[in-house]
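Examination of the molecular architecture
The residues making up each chain are set out below.
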Amino acid sequence: MTAIRGARERARGEITEAIKAEARRQLAEEGAAKLSLRAVARALGMASSALYRYFPSRDDLLTALIIDAYNALGEAAESALGALRGPDAKRPAARWLALCHGVRDWALAHPHEYALIYGSPVPGYRAPSTTTEAAARVGLALIGVVRDAYASGALKEPAEPLPDPVVADALALGAELGVELPAAVLARLIGAWAQLFGLLSFELFGQFNRVVEARTAFFEQAVLELARSVGLHTPR
């Protein structure tokens, strides 16, 4: 019975992955707003009723794709950090830069999946709380780089004062995550996280066309400026 159950679970897993792969193909061709369970079932030669046993609704399938995309992006960022060797593995600015390049490399290689999680909202879809953990991975990786720098004394806390509401938001986030960083650092880190994805969205969605040609060099300079904004020392 255990062997039969294992075979069934493997078969279900393979079909689930096939459904998601076809859905990603349709995302690339039609966009998330036009994703249809019936169209996915038709392309796979499945009855719609059979597909519903795997994903009861379009929103369930979208949620699975969104979680996969966030996790893949998070893994790319974490792997870029893990790949550092030698002195760079301990240099906060080098770690920050590697993480940001890992995020960009994934986004450029998976533009349609990036658009699913950072593009226009899908009409009628509301992401459930189950997406939160995966969505937080890149942000937590950035926090980890800054927290390690702070712990080692390699972080210079920004001196410019911030408005009280901004400080309050930063302190609330730090308390929620259990992160012990100065409010001034956390607040600027939130801004850096948002600006990182703003840079990527401008590049992927065409806003840099005929404006920025040296995209990699521009990105690197921009994310190093973000590193300096949170207090990381970077070579100029």
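Per chain, the residues get numbers from 1 upward, laid out in the order the sequence is written. A pLDDT threshold of at least 70 governs which residues receive local features in this predicted model, and a stricter bar of 80 or more applies before side-chain atom pairs are shown or counted, although totals over entire chains, interfaces and linings include all residues. Side-chain calculation: all heavy atoms of the structure are included, whereas hydrogens and water are not.

**Let's talk about the packing of helix α5 (residues 92-109) against helix α11 (residues 215-230)**
The criterion, for reference: Every angle, taken between N-to-C directions, lies between 0 and 180 degrees, and every axis is a line fitted to C-alpha atoms, over only the stretch in contact when it is a helix. Helix and strand assignments come from DSSP, with helices taken as H or I runs of at least 4 residues and strands as E runs of at least 2, each series counted from the N terminus. Just so you know how the angles are binned, under 35 degrees is roughly parallel, over 145 roughly antiparallel, 65 to 115 roughly perpendicular, and the rest oblique. Less than a right angle of anticlockwise turn of the near helix away from the far helix marks a crossing as left-handed, whereas a clockwise turn marks it as right-handed. Residues are treated as being in contact if the distance between any of their heavy atoms lies within 4.5 Å.
The interhelical angle for the contact between α5 and α11, taken along N-to-C directions, is 135°, at an axis separation of 10 Å. By the criterion of interaxial angle, the relationship of α5 to α11 is oblique. Two packed elements cross with a definite hand, and for α5 against α11 that hand is right-handed. Contacts from W96, L97, C100, H101 and R104 in α5 reach R215, T216, F219, E220, V223, L224, L226, A227 and V230 in α11.

**What about the pattern of salt bridges?**
Here is the rule: One side-chain nitrogen of Lys or Arg within 4 Å of one carboxyl oxygen of Asp or Glu is enough to make a salt bridge. Relative accessibility under 20% of the residue-type maximum defines a buried residue, over 50% an exposed one, and the middle range a partly exposed one, all with a 1.4 Å probe and only protein chains included.
Tallied over the entire structure, the rule returns 12 salt bridges. A salt bridge links E17 to K20, with the nearest nitrogen and oxygen atoms 3.2 Å apart. With E17 and K20 both in helix α1 (residues 2-30) and 3 residues apart, this pair spans about one turn of that helix. By relative accessible area, which is 42% here, E17 ends up partly exposed. Residue R228 is joined to E225 by a salt bridge in which the shortest nitrogen-to-oxygen separation is 3.0 Å. Taken together, the positions of R228 and E225, both in helix α11 and 3 residues apart, correspond to about one turn of that helix.

**A closer look at the confidence of the model for the protein chain**
Detail in the predicted coordinates should be disregarded across regions flagged by low pLDDT. Selection criterion: Residue-level confidence of the predictor is summarised by pLDDT, bounded by 0 at the bottom and 100 at the top.
Summarising the model, the protein chain shows a mean pLDDT of 92, and 96% of its residues fall at 70 or more. No element of the protein chain has a lower mean pLDDT than α1, which averages 82, and none a higher one than α5, which averages 97.

**So, the nonpolar core**
Heads up, the condition is: Only buried residues count toward a nonpolar core, which is a set of Ala, Val, Leu, Ile, Met, Phe, Trp, Tyr and Cys residues joined through side-chain atoms within 4.5 Å.
Ranked by size, the top nonpolar core spans 67 residues in total, and within it L61, W96, L99 and V223 carry the most contacts. At the level of secondary structure, the elements contributing two or more residues to this core comprise α1, α2 (37-44), α4 (58-82), α5, α6 (111-118), α8 (137-151), α10 (183-204) and α11.

**Things to note about the environment of A154**
Position of A154 relative to the elements: it lies in the loop between α8 and α9 (164-177). Sequence-wise, A154 and G231 are 77 residues apart; in three dimensions their C-alpha atoms are separated by 8.6 Å. In contact with A154, not counting residues within four places along its chain, are P92, A149, G231 and H233.

**A word on the packing of α4 against α6**
Quick reminder of the rule: Polar here means any residue other than Ala, Val, Leu, Ile, Met, Phe, Trp, Tyr, Cys and Pro, which are nonpolar, and Asp, Glu, Lys and Arg, which are charged; Gly is therefore polar.
The contact between α4 and α6 brings their axes to 9 Å, and the two run at 110°. Judged on the interaxial angle alone, α6 and α4 are roughly perpendicular. Packed against α4, whose contacting residues are L62, L65, I66, A69, Y70 and L73, the element α6 presents E113, L116, I117 and Y118 at the interface. For the contact of α4 with α6, the residue count by class is 9 nonpolar, no polar and 1 charged.

**Notes on the side chain of R188**
Operational definition: The definition of a polar contact used here is a pair of N or O atoms within 3.5 Å, where within protein one atom must be able to donate a hydrogen and the other to accept one, and adjacent residues in sequence count solely through side-chain atom pairs.
Here R188 is to be found in helix α10. At a separation of 3.2 Å, a polar atom in the side chain of R188 contacts the main-chain carbonyl oxygen of A184. In this structure, R188 is in contact with P158, E160, L162, S229 and V230, ignoring residues within four places of it in sequence.

**Quick word on the packing of aromatic side chains**
So the rule is basically this: Any pair of Phe, Tyr and Trp rings, taking the six-membered ring for Trp, is counted once the centres come within 6.5 Å. Such a pair is stacked with planes under 30 degrees apart, edge-to-face with planes over 60 apart, and tilted for the rest.
Inspection of every chain in the model, using the stated rule, returns 7 aromatic pairs. Look at Y114 and F205: their rings are 6.1 Å apart centre to centre, the planes differ by 50°, and that puts the pair in the tilted class. Residue Y114 is found in helix α6, and its partner F205 is found in the loop between α10 and α11; the two are separated by 91 residues along the sequence. Accessibility expressed as a relative area gives 39% for F205, which makes it partly exposed. On the basis of an interplanar angle of 20° and a centroid distance of 4.2 Å, the ring pair of Y118 and F197 is categorised as stacked. Of this pair, Y118 sits in helix α6 while F197 sits in helix α10, and the two are 79 residues apart along the sequence. By relative accessible area, which is 21% here, Y118 ends up partly exposed. What makes F197 buried here is its relative accessible area of 5%.

**Description of the environment of A98**
By the element assignment, A98 lies in helix α5. Judged by relative accessible area, A98 falls into the buried class, the value being 14%. Sequence spacing of A98 and F197 is 99 residues, and the spatial spacing of their C-alpha atoms is 15 Å. Each residue touching A98, except ones within four places of it in the same chain, is listed here: A80 and L84.

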